[in-house]
Amino acid sequence: MPPEPLLEATGIVKAFGSFRAVDGAGLTVREGEIVGLIGPNGAGKSTFFNCLAGDTQPTAGLIRFAGQEVTRAPADAHARAGMARSFQVPVTFEDMTVLENVMVGAFLRHPHRRDARERAREMLEVTGLARQAEARAGGLGTPGRKRLEIARALATEPRLLLLDEALAGLNPTEVRDAIGFVRGLHARGITLIVVEHIMEVILSLAERAVVFNQGKVIAEGVPRAVVDDPAVVEAYIGRSLAGRRLRRRRNPP
Ligand SMILES: Nc1ncnc2c1ncn2[C@@H]1O[C@H](COP(=O)(O)OP(=O)(O)OP(=O)(O)O)[C@@H](O)[C@H]1O
Ligand SMILES: [Mg+2]
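A brief report on the enclosed structure follows.

What counts, and at which threshold
- Residues numbered from 1 in each chain as written.
- Chains lettered and ligands numbered in written order.
- Predicted model: local features only at pLDDT ≥ 70, side-chain atom pairs only at ≥ 80, totals over all residues.
- Axes fitted to C-alpha atoms, helices over the stretch in contact; angles between N-to-C directions.
- Helix = DSSP H or I, 4+ residues; strand = E, 2+ residues; numbered from the N terminus.
- Parallel < 35°, antiparallel > 145°, perpendicular 65-115°, else oblique.
- Left-handed = near helix turned anticlockwise from the far one by under 90°.
- Contact = placed C-beta atoms within 7 Å.
- Nonpolar A, V, L, I, M, F, W, Y, C, P; charged D, E, K, R; others polar.
- Buried ≥ 20, exposed ≤ 12 C-beta atoms within 10 Å, placed from the backbone.
- Near = placed C-beta within 6 Å.
- Core = buried A, V, L, I, M, F, W, Y, C linked by C-beta atoms within 7 Å.
- Pairing = 2+ DSSP bridges.

Time to look at the packing of helix α3 (residues 98–106) against helix α4 (residues 113–126). Contact pair α3 / α4: the axes reach a minimum separation of 8 Å and the direction vectors enclose 115 degrees. In terms of their interaxial angle, α3 and α4 are classed as roughly perpendicular. For the element pair α3 and α4, the recorded crossing hand is right-handed. Packed against α3, whose contacting residues are V98, L99, V102, M103 and A106, the element α4 presents A116, R117, R119, A120, R121, M123 and L124 at the interface. Across the contact of α3 with α4, the residue classes break down as nine nonpolar, no polar and three charged.

See the structure below:
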């Protein structure tokens, strides 16, 4: 028998009134995978992440993670089971220092302050934030805040990390460095689901791409094949801005 998947989400629905932001989507992830989750703006990717991570309760569906059913469990239970995430719009404690923000994550496994601080310092090293340890989090720019979120997520010692556009807003050199950084996380044994509009990131990082459109999974497979799938191209062209982004990345001038 193959081992049970690390994450298994089936039939996930998230309704806001009569609108279904996520409309029956499912995803299975095995330990050790890097899955790219793509789709046009408004497709439901972040809402799906919110459901997976316990930041919102799905209207319907089932989520199993690390052998437990966590469908309606709160976010801290997901974290304890080994799931961590970054937010598309970073959520930091502005008036706390960078180090203290990361300690919030580290306290999950290290209740003693000194141990949590040590763990947090290690994560600041890993994410290149060590020099800003004592700076106020609110003073960081967006790329710094995204790193800070990753540091805080890593401090919870996750088995699965959900990254929601963590590389958005970086310049091409920074994107390449960030791809290397994410590969390093994978090499440390962390399974990843990466939401990203930058196709270079998906094509070079993900072993498998899953495409969302209007709350549903419309395609899934090897990233290169998936981005050429006519249904996927159609979904992107339907949302013109995202469509332009996709085509520009695939056909550089
Ligand atoms: N709390 C909410 N209340 C009502 N509608 C919502 C809420 N959150 C999200 N939506 C709607 O659900 C849909 C999916 O949004 P979501 O943010 O999940 O898309 P996305 O795929 O992450 O898009 P993007 O690529 O722009 O980040 C959108 O139409 C959005 O306006
Ligand atoms: Mg989003």
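Alright, that's what it looks like, and here's the rest.
Further remarks concern the environment of G128. Mapped onto the elements, G128 comes out in the loop between α4 and α5 (142–154). A C-alpha to C-alpha distance of 9.4 Å links G128 and L148, two positions 20 residues apart in sequence.

Another point: α3. Counting along an α-helix, one turn takes 3.6 residues, and residues three or four places apart therefore face a common direction. A large share of α3 lies buried, amounting to seven of its nine residues. The set of residues buried in α3 consists of V98, L99, N101, V102, M103, G105 and A106. Residues of α3 that are buried make contact with α4 and α5.

This brings us to the site of ligand 1. Taken together, F16, A21, G39, N41, G42, A43, G44, K45, S46, T47 and Q88 make up the full set of residues near ligand 1. Residue contributions to the shell around ligand 1 peak at three residues, all from helix α1 (residues 45–53). Grouping the constituent residues of the shell around ligand 1 by class yields three nonpolar, seven polar and one charged.

Here we come to the environment of D23. Topologically, D23 is positioned in strand β2 (residues 19–29). Looking at D23, the number of C-beta atoms within 10 Å reads 20, which means it is buried. Along the sequence, D23 and Q214 sit 191 residues apart, while their C-alpha atoms lie 7.4 Å from each other. Once residues lying within four places of it in the same chain are set aside, the contact partners of D23 are V13, Q214, G215 and K216.

In this section: the environment of P58. Relative to the elements of secondary structure, P58 occurs in the loop between α1 and β4 (60–65). For the pair P58 and K14, spaced 44 residues apart in sequence, the C-alpha to C-alpha distance is 4.9 Å. In contact with P58, not counting residues within four places along its chain, are I12, V13, K14, C51 and T71.

Turning next to the nonpolar core. Judged by nonpolar contacts, the single largest core of 71 residues is most densely connected at V102, A120, A151, L161, L192 and V194. A120 has contacts with L99, V102, M103, A106 and A155, leaving out every residue within four places of it along the chain.

All right, on to the sheet that holds strand β3 (residues 34–38) then. Pairing within the open sheet is mixed, and its six strands lie in the order β6-β7-β8-β3-β9-β10. Two strands bound the open sheet, and with one partner strand each, they are β6 (83–85) and β10 (216–221). Sheet twist, expressed as the mean angle between neighbouring strand axes with direction ignored, is 20 degrees. Where β3 lies against strand β8 (residues 191–195), four bridges are found, and the strand directions are parallel. The partner of V35 across the bridge, within β8, is I193. This element, α1, spans β3, β6, β7 (160–164), β8 and β9 (208–213) of the sheet and lies at about 155 degrees to β7.

A few words now on the pairing of β10. Pairing of β9 with β10 involves five bridges; the strand directions are antiparallel. Residue A209 lies in a different strand from β10, and its bridge partner there is G221. Hairpin connection from β9 to β10: two residues lie between these consecutive antiparallel strands, with Q214 at a positive phi of about 50 degrees.

This paragraph deals with the sheet that holds β2. As summarised here, the arrangement of the four strands in space is β2-β1-β4-β5, forming an open sheet in which the pairing is antiparallel. Of all the strands in the sheet, just β2 and β5 (68–69) have a single pairing partner and so form its edges. Note: β4 against β5, two bridges, orientation antiparallel. Of the residues in β5, the one forming a bridge with F65 is Q68.

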